[in-house]
Every structure is written in structure tokens, then in C-alpha cells.
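Reading the structure
Listed here are the chains, written in short residue letters.
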Amino acid sequence: FYNTQILSDDGSNDPVAAGNNFGRDVTAHGNYLVVADTDNHANGQGAVIVYVLKDGKYNYLQTLKDDRDGTSNSFGDSVAMHGNYLVVGDNSNQDTSKGAVYVYVLKNGIFEFSQKIVNHRTNSNDFGDVVSIFGSYLAVADRDGTGGNTDSNVFIYVLRQSKFEFLQMIPLRLDKDPPVDTE
């Protein structure tokens, strides 16, 4: 391990250029480091900044932003990467008010948008608050599955022919008083 400081996406290492939530979530895989900034730049739009390790130093590669009107500050609430896939959670996606997950694929050294996954099954806006990817499986947490209750769900997707398809919903119930083992 070695120590390096990464501050912004414009290559200047200017701490003012980085948003207030720079580092909201981070992930690394292979030679890539991905840093979420849910309050990037002056307009407060969320962004995900990608760096690539070259000659022992992480260098700015690209900035990924929400493809809508540029007002979502939750784009990048969660990030995960495995293989050539990078997933970005946006837990209050303004198109749906239910959250969304964006899938990017590494092609020719650049991450390109591939798919937007929207939660159609619950009334929550926390879909995408936590994402995890491994191999051909993607897990997306919805920690407020019924719009304010303590019900949560994990949605499992499987990669088929370059797209993630819904496989299963795992409901989780967070009891106020969990059972106590008396033995």
C-alpha cells in the first residue's frame, strides 16, 4: 500500500473543485478507482469520478454524471465494480422517485453507459442506496421498501446477454424487538 491523495476530477487537485461529498462511496477493481461525489461542483449534481492506475499513480480518467436534467445530487450514493462492469446507485432518481441503478461497461479504456435499472416493485425512493456486484450477479438494496416502514428488500439481478435481468426479490423485515436466545 502507498499513500496518495485524490481531490478532484479536473486534474488540478484543487480541493475546491471537489464537492462536499467527495468520497461518499468508493470502489476499486484492477487498475481502476471510482470515487462518488454526491454534491459535485457548483450545481450540486452528483457525479462519479473514475481514475486509472498508471506508473504507480492514479490519474483522472473520466467523470460520469446523471443523464437527466443534471439536478440529481444522489447520483453516486453507491458504487460497485467487478470485471468490466461499474454500477452506480441513485437512491432518489427524480424520473421515478423510486431510485435507479446505472450500469456502465468498460470499452476501449472508457466506461460507457449500458443500462438503467429502475425499481418498479415498491414505493420507496431508497432503491440503489447500496449496490454490490460479483461475477454475473448484481444486488441492489432498497432499505425503505414501503415508503417509511421498516421493511427493506434486496433485489437480485443476473447478467444475461449483456443486460441485467431481474431474478429475485428478497424481503427483509427489521423487527423492532428481535427474538432473544434464552439458552
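Here is a short report on the structure shown in this document. Quantities reported herein were computed from a predicted structural model and do not represent experimental measurements. (Residues numbered from 1 in each chain as written. Predicted model: local features only at pLDDT ≥ 70, side-chain atom pairs only at ≥ 80, totals over all residues. Heavy atoms only, no water.)

**Focus: the overall build of the protein**
Our working rule: Secondary structure elements follow DSSP: runs of H or I no shorter than four residues count as helices, runs of E no shorter than two count as strands, and numbering proceeds from the N terminus. Each residue gets one of three labels from its accessible area relative to the maximum for its type: buried under 20%, exposed over 50%, partly exposed in between, using a 1.4 Å probe on protein chains only. Contacts between residues were defined by any pair of non-hydrogen atoms, one from each residue, lying within 4.5 Å. All accessibility values rest on the Shrake-Rupley procedure with a 1.4 Å probe; residue burial counts only the protein chains present in the view.
Looking only at helices and strands, the protein features 0 helices and 12 strands. Reading the protein from its N terminus to its C terminus gives the helix and strand order β-β-β-β-β-β-β-β-β-β-β-β. Burial analysis of the protein (183 residues in total) assigns 44% to the buried set. For the protein, the proportion of contacts with a sequence separation of at least 24, taken over those separated by at least 6, is 38%. Roughly 9900 Å² of accessible area belongs to the protein as shown, and the carbon and sulfur atoms make up 47% of that amount.

**A word on the packing of aromatic side chains**
Spelled out, the test is: Aromatic contacts are taken between Phe, Tyr and Trp rings whose centres are within 6.5 Å, Trp giving its six-membered ring; a plane angle under 30 degrees counts as stacked, one over 60 as edge-to-face, and the others as tilted.
Summed over the entire model, instances satisfying the criterion amount to 7 aromatic pairs. Seen in terms of ring centroids, Phe127 and Phe155 are 5.4 Å apart; in terms of plane orientation they differ by 70 degrees. Their pairing is edge-to-face. Of this pair, Phe127 sits in strand β9 (residues 127-134) while Phe155 is found in strand β11 (residues 151-160), placing the two residues 28 residues apart along the sequence. Taken as a pair, Phe127 and Phe155 share a single burial class, namely buried.

**Looking at the pairing of strand β8 (residues 110-118)**
Operational definition: A pair of strands is treated as paired once DSSP finds two or more bridges between them.
Bridging between strand β7 (residues 100-107) and β8 involves 8 bridges; their strand directions are antiparallel. Note that in β8 the partner of Ala100 across the bridge is Val118. In this antiparallel pair of consecutive strands, β7 and β8, the connection spans 2 residues, and Asn108 shows a positive phi of 55 degrees.

**Focus: the pattern of salt bridges**
Selection rule: A side-chain nitrogen of Lys or Arg and a carboxyl oxygen of Asp or Glu constitute a salt bridge if their distance falls within 4 Å.
Throughout the structure, instances matching the rule amount to 1 salt bridge. Linking Arg160 and Glu165 is a salt bridge whose minimum nitrogen-to-oxygen distance equals 3.3 Å. Since its relative accessible area comes to 34%, Glu165 is described here as partly exposed.

**A word on the sheet that holds β7**
Heads up, the condition is: Whenever a helix is involved, its axis is fitted only over the stretch in contact; in every case the axis is a line through C-alpha atoms, and angles between N-to-C directions fall within 0 to 180 degrees.
Taking strand neighbours across the sheet as the criterion, the 4 strands line up as β5-β6-β7-β8 in an open arrangement whose pairing is antiparallel. This sheet does not close on itself; its edge strands, each paired only once, are β5 (75-82) and β8. Strand after strand, the sheet turns through a mean of 25 degrees between neighbouring axes, direction not considered.

**A few points about the side chain of Gln62**
Quick note on the threshold: Two N or O atoms count as a polar contact when they lie within 3.5 Å, although within protein this holds only if one can serve as hydrogen donor and the other as acceptor, and sequence-adjacent residues are included solely when both atoms are side-chain atoms.
Along the chain, Gln62 turns up in strand β4 (residues 57-65). Engagement of the side chain of Gln62 in a polar contact is seen with the backbone nitrogen of Phe111, the distance being 2.7 Å. Sequence-distant contacts of Gln62, defined by excluding residues within four places in its chain, comprise Val48, Ile49, Val50, Ile110 and Phe111.

**Re the nonpolar core**
We count it as follows: For our purposes a nonpolar core is just a set of buried Ala, Val, Leu, Ile, Met, Phe, Trp, Tyr and Cys residues, chained together by side-chain atoms within 4.5 Å.
Among the nonpolar cores identified, the biggest contains 17 residues, and Leu86, Val88, Tyr104 and Phe111 are the most heavily contacted of them. The set of elements that each furnish at least two residues to this core consists of β2 (32-40), β3 (45-54), β5, β6 (85-90), β7 and β8. Top element by residues in this core is β7. It accounts for 4 residues. In contact with Leu86, not counting residues within four places along its chain, are Val34, Val50, Leu64, Ala80, Met81, Tyr102, Val103, Tyr104 and Phe111. Judged by nonpolar contacts, the second largest core, of 15 residues, contains Val105, Phe127, Phe155 and Phe164.

**Concerning the environment of Val35**
Turning to its location among the elements, Val35 is positioned in strand β2. We classify Val35 as buried; its relative accessible area is 5%. Between the C-alpha atom of Val35 and that of Phe22, which follows or precedes it by 13 residues, the distance is 7.1 Å.

**Focus on the pairing of β7**
Within β7, 7 of the 8 residues are buried, which leaves the element mostly enclosed by the surrounding structure. Relative to β7, β6 runs antiparallel, the two being bridged by 6 bridges. Pairing of Tyr85 across the sheet is with Val105, part of β7.

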